[in-house]
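# Summary of structural features
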Amino acid sequence: MSNHLQTNYKKMRKIRIFEHISLDGVIEHDGDYTYGAWTTPYRSPAGAAILLEAYGPNFDLLLARHTYDIFSGFWPTAGDFPMANAINAATKYIVTHRPDSLEWGPVQHLGGDVIAAVRDLKSTDGPNLIVVGSSTLTSVLLDQGLADEVVLITYPVLLGRGKRLLSDSIDARELAFVDSKTTPTGLFINTYRHVGPLKS
């Protein structure tokens with residue numbers, strides 16, 4: 001590559017979707033929330049370290065407003081440990097109609113045209129963008145071809161009912177297997193590259 005091309009080459013940020021999911025594809029149990037804490041028994045310091053390694057050494061967050069509100073009620077006071085420190089330090093890019101009430105920072109809202117804003121954000125210099133939760137946003141990112149990787153943290157449970165990973169309106173997508181890790185409590189952390197629409 002010539003010096004001229006090297007000077008003008010800009011590496012795009014990757015959008016990496018992380019979802020905690022049951023074996024039957026549920027990411028959030030609904031109903032009476034009897035099993036609302038279904039992920040808790042499988043948490044461990046070793047598992048948290050593996051997940052943080054999967055996030056990468058530097059990252060920003062791309063979140064829908066509901067997930068941002070949940071995170072902002074927990075992470076700022078979670079304590080001094082690597083996962084909390086990394087999440088609190090990350091810039092949060094938020095899809096919201098209420099930008100004036102974003103208090104947990106560093107934070108920026110993406111405005112009304114989310115697709116255009118995300119395309120622009122991907123083209124800026126900076127660390128990769130991690131999406132956690134935010135299932136409606138996840139479906140949009142995949143459907144628009146904006147997501148680069150999907151990382152599924154799969155739990156050895158069957159929940160039966162609840163919110164699924166993707167909306168029913170999304171077109172079929174093809175993924176390519178990249179990597180798999182396990183935690184001491186039996187979680188599988190599987191990474192897939194987003195290829196594109198599934199060929200018929």
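Residues numbered from 1 in each chain as written. Predicted model: local features only at pLDDT ≥ 70, side-chain atom pairs only at ≥ 80, totals over all residues. Heavy atoms only, no water.

## Comments concerning the side chain of Thr96
- For Thr96, the location among the structural elements is in the loop between strand E4 (92-95) and strand E5 (107-109).
- Taking the relative accessible area as the measure of exposure, Thr96 reaches 9% and is therefore buried.
- Within the structure, the side chain of Thr96 is placed 2.9 Å from the backbone nitrogen of Arg98, a separation counted as a polar contact. (Helix = DSSP H or I, 4+ residues; strand = E, 2+ residues; numbered from the N terminus. Buried < 20%, exposed > 50% of the residue type's maximum accessible area, 1.4 Å probe, protein only. Polar contact = N/O pair within 3.5 Å; in protein donor to acceptor, adjacent residues only side chain to side chain.)

## Some words on the sheet that holds strand E10 (residues 188-197)
- Taken in spatial order, the eight strands of this open sheet run E5-E4-E3-E6-E1-E7-E10-E9, and their pairing is mixed. Whereas interior strands pair on both sides, the edge strands pair on one side only; in this sheet they are E5 and strand E9 (173-182). Neighbour-to-neighbour, the strand axes of the sheet open up by a mean angle of 25°, direction not taken into account.
- Inspection of the sheet shows strand E3 (residues 59-64) paired to E4 by four bridges, in the parallel sense. Opposite Ala64, over in E4, you have Val95 as the bridge partner.
- Relative to the sheet, helix H3 (residues 65-72) contacts E3, E4, E5 and strand E6 (128-132), its axis offset from that of E3 by approximately 120°. (Pairing = 2+ DSSP bridges. Axes fitted to C-alpha atoms, helices over the stretch in contact; angles between N-to-C directions. Contact = heavy atoms within 4.5 Å.)

## Some thoughts on the pattern of salt bridges
- Applying the stated criterion to the full structure yields eight salt bridges.
- The closest approach of N and O atoms between Asp179 and Lys181, which form a salt bridge, is 2.6 Å.
- For Lys181, a relative accessible area of 33% translates into the label partly exposed.
- Bridged by salt links that share partners, the residues Lys14, Arg16 and Glu149 form one connected network. (Salt bridge = Lys/Arg side-chain N within 4 Å of Asp/Glu carboxyl O.)

## Topic: the nonpolar core
- Ranked by internal contacts, the top residues of the largest apolar core, which has 31 residues, are Phe18, Tyr55 and Phe59.
- If one sorts the elements of this core by residue count, helix H2 (residues 45-55) sits on top with five residues.
- In contact with Phe18, not counting residues within four places along its chain, are Leu51, Ala54, Tyr55, Ile130, Val131, Val132, Gly133, Val151 and Ile153.
- Within the second largest apolar cluster, 23 residues are counted, among which are Ile21, Leu137, Leu142 and Leu152. (Core = buried A, V, L, I, M, F, W, Y, C linked by side-chain atoms within 4.5 Å.)

## Thoughts on the side chain of Arg173
- In this structure, Arg173 sits in strand E9.
- A distance of 3.1 Å separates a polar atom in the side chain of Arg173 from the backbone oxygen of Leu142.
- Apart from the residues within four sequence positions on either side, Arg173 is in contact with Leu142, Asp143, Gly145, His194, Gly196, Pro197 and Leu198.

## What about the pairing of strand E7 (residues 149-155)?
- Within E7, seven of the seven residues are buried, leaving the element largely enclosed by the surrounding structure.
- Here E7 shows two buried faces, one formed by Glu149, Val151, Ile153 and Tyr155 and the other by Val150, Leu152 and Thr154.
- As judged from the seven bridges shared by strand E1 (residues 15-22) and E7, these two strands associate in the parallel manner. Residue Ser22 lies in a different strand from E7, and its bridge partner there is Tyr155.
- Of the strand pairs in this sheet, E7 and E10 are connected by six bridges, and their pairing is antiparallel. Of the residues in E10, the one forming a bridge with Thr154 is Phe188.

## A look at the pairing of E10
- In this sheet, E10 lies alongside E9 in antiparallel orientation, the contact comprising nine bridges. What sits directly across from Ala176, in E10, is Arg193.
- Linking two consecutive strands that pair antiparallel, namely E9 and E10, is a turn of five residues; a positive phi of about 95° is found at Gly186 within it.

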